[in-house]
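Structural characterization, general
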Amino acid sequence: MRLLHRSKSTVNIPQKGLPSFVKIVEVGPRDGLQNEKSPVPTDVKVELINRLSDTGLQVVEATSFVSPKWIPQLADHREIMTQIKKYPGVNYPVLTPNLKGFDAAIEAGAKEVAMFIAASEAFSRKNTNCSIAESLERSQSLVNAAKEANIPVRAYVSCVIGCPYEGKIDPNKVAEVAKKMYEMGCYEISLGDTIGVGTPSAMQEVIRLVTQEVPIDKVAVHCHDTYGQALANIYAALQMGVSVVDSSVAGLGGCPYAKGATGNVATEDVVYMLDGLGIQTGVNLQKLIAAGDFISKALGRPTMSRVAKAMSSKL
């Protein structure tokens, strides 16, 4: 694989009002692979995580401790946590939907967990078989257990702009849910455009309302690229002061409970845009593209990253 290099003749300086550094939360090994229909071998997942860890990423979400009945692709969560190489300075959070999953994750050596809640009542029932209120109650129990174990908890709020069942979501509802999760003790709230219907104005409105309840430095965005709006929405979030972005190598992913939702925005594309804006990430783009190439070949299909396609060519 030959990489075509961007010219280094100029040094980009971040535009006024944009953050100087953005933390990338790589969700490919978990959110990216969970929807794959064919089993992905454990050793391939481990190799992917190790390669991502070597790119300079600070956060690589490794897996999910969810019942294999619901997400069979991630049934090897324990093996993944015990086999990956833990790089210094890299966090490996895991998704834990309930206390049983939390206990199993801690037993497997997890040092940070993530949990999810929907801003849509219908999506919550489809995804967790309970209402938003019931989900909040369950979340509190998990956060309490995490506090006792001194384990940081990150929260994902799903369907912050649109829902496959309810349509448009009231941003005030998103702010209400985000506030409750933050007050519960979650250190960061990731706002997910789960079905990728958002536009920059809609994204900014959600962030405007959420940040009336949650500090801007505790807010992240998680954009799916179904309508090709993910990078525009991320840029709009940066303009609002957001400095944490979730993304998935090679644009892997989808949502098992949101039919038609394509993958997350590709990490390669996000890093390329941020590099061009003069925003630091600490991520080596060439190593990132190589990691995306590895998992794409393992899955037997082309990468979904436009940057990787443009910058890579066979010798």
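Quick note: structure is the one above.
Reading the values: rules and limits
Counting starts from 1 at the beginning of each chain's written sequence and moves along it residue by residue. Note on the predicted model: pLDDT of at least 70 is required for a residue's local features to be given, and 80 or more for side-chain atom pairs to be given and counted; whole-chain, interface and lining totals, by contrast, use all residues. The basis for the side-chain values is all heavy atoms of the structure; hydrogens and waters are excluded. Segments assigned H or I by DSSP are reported as helices when at least four residues long, segments assigned E as strands when at least two residues long, and all are numbered from the N terminus. Atoms counted for the radius of gyration: C-alpha only. Globule rule: 2.2 Å times residue count to the power 0.38. Exposed residues in this analysis have more than 50% of their type's maximum accessible area, buried residues have under 20%, and partly exposed residues fall in between, with area computed by a 1.4 Å probe over protein chains only. Contacts are assigned to residue pairs that have any heavy atoms within 4.5 Å of one another. With residues, only the protein chains shown are counted as cover, and all accessible areas are computed by Shrake-Rupley using a 1.4 Å probe. Positive residues here are Lys and Arg, negative ones are Asp and Glu, while His and the chain termini are left out of the count. We put the charge of a Lys on NZ, of an Arg on CZ, of an Asp on CG and of a Glu on CD. Only Phe, Tyr and Trp rings take part, Trp by its six-membered ring, and two of them pair if their centres are within 6.5 Å. Stacked means planes under 30 degrees apart, edge-to-face means over 60, and tilted covers everything else. In our convention, an over-ring charge means Lys NZ or Arg CZ found within 6 Å of a ring centre and within 35 degrees of that ring's normal. We call two N or O atoms a polar contact when they sit within 3.5 Å, provided that within protein one can donate a hydrogen and the other can accept it, with sequence-adjacent residues counted only if both atoms are side-chain atoms. Counted as salt bridges are all cases of a side-chain nitrogen of Lys or Arg within 4 Å of a carboxyl oxygen of Asp or Glu. Helices are assigned an expected span. That span is 1.5 Å times one less than the residue count. Definition of nonpolar core: a set of buried residues of the types Ala, Val, Leu, Ile, Met, Phe, Trp, Tyr and Cys, connected through side-chain atoms within 4.5 Å. Note on patches: the residues involved have over 30% relative accessible area and no salt bridge, like charges join within 9 Å, and the nonpolar side chains Val, Leu, Ile, Met, Phe, Trp and Tyr join within 5 Å.

Some remarks on the overall build of the protein chain
Counting its secondary structure elements, the protein chain contains 12 helices and 13 strands. A globule of 315 residues ought to have a C-alpha radius of gyration of about 20 Å, and the protein chain, at 18 Å, matches this closely. Along the three orthogonal principal directions, the C-alpha set of the protein chain runs to about 55 × 45 × 35 Å. For the protein chain, the residues scored as buried account for 55% of the 315 residues in total. Across the protein chain, every contact between residues at least 6 apart in sequence was considered, and the portion connecting residues at least 24 apart equals 76%. Total accessible area on the protein chain is roughly 13,700 Å²; 51% of this is exposed by carbon and sulfur atoms. Charge separation in the protein chain, taken as the distance between the mean sites of 33 positive and 31 negative side-chain charges, equals 4 Å.

Let's talk about the packing of aromatic side chains
The full count for this structure, using the stated rule, is one aromatic pair. Residues F123 and Y165 carry aromatic rings whose centres are separated by 6.3 Å and whose planes lie at 35° to one another, so their mutual orientation is tilted. In this pair, F123 is assigned in helix α5 (residues 121–128) and Y165 in the loop between β8 (162–163) and β9 (167–168), connecting sequence segments 42 residues apart. Classification of F123 by relative accessible area gives buried; the value is 0%. Judged by relative accessible area, Y165 falls into the partly exposed class, the value being 39%. Lying across the ring of Y156, R30 places its NZ or CZ 5.4 Å from the centre. The ring of Y87 carries K85 above its face, with NZ or CZ at 4.8 Å from the centroid.

Some remarks on the side chain of S131
Its place among the elements puts S131 in the loop between α5 and α6 (132–148). The exposure class assigned to S131 is buried, which follows from its relative accessible area of 9%. With residues near it in sequence (within four places) discarded, S131 still touches E121, S124 and R125.

As for the environment of E268
By the element assignment, E268 lies in helix α10 (residues 267–276). Among residues more than four places away in sequence, those in contact with E268 are S248, V249, A250, G251, L285, L288, I289, G292, T303, S305, V307 and A308. Polar side-chain contacts of E268 include one of 2.9 Å to the backbone nitrogen of A250.

Notes on the pattern of salt bridges
As a working rule, side chains carrying opposite charge can pair if their charged atoms are close by. Counted by the stated rule, this structure contains 14 salt bridges. One continuous salt-bridge network, built from bridges that share partners, spans K23, R154, E188 and D246.

Thoughts on helix α11 (residues 285–299)
Its 15 residues give α11 an end-to-end C-alpha distance of 21 Å, which sits within 8% of 21 Å, the value for a rise of 1.5 Å per residue. Of the positions making up α11, those classed as buried are L285, L288, I289, A291, G292, F294, I295, S296 and L299. Measuring from the side-chain oxygen of the N-cap residue of α11 to the backbone nitrogen of Q286 gives 3.0 Å; that N-cap residue is N284. Positioned one or two residues after α11, G300 has a phi angle of 75°, which is positive.

Here's the deal with the nonpolar core
Among the nonpolar cores identified, the biggest contains 90 residues, and M181, L191 and I295 are the most heavily contacted of them. Within the second largest apolar cluster, eight residues are counted, among which are V27, L95, A114 and Y156.

So, a negative patch on the surface
A cluster of acidic residues, E121, E134, E137 and E166, forms a negative patch on the protein surface. Its place among the elements puts E121 in helix α5. Among the residues examined, E121 registers a relative accessible area of 30% and is labelled partly exposed.

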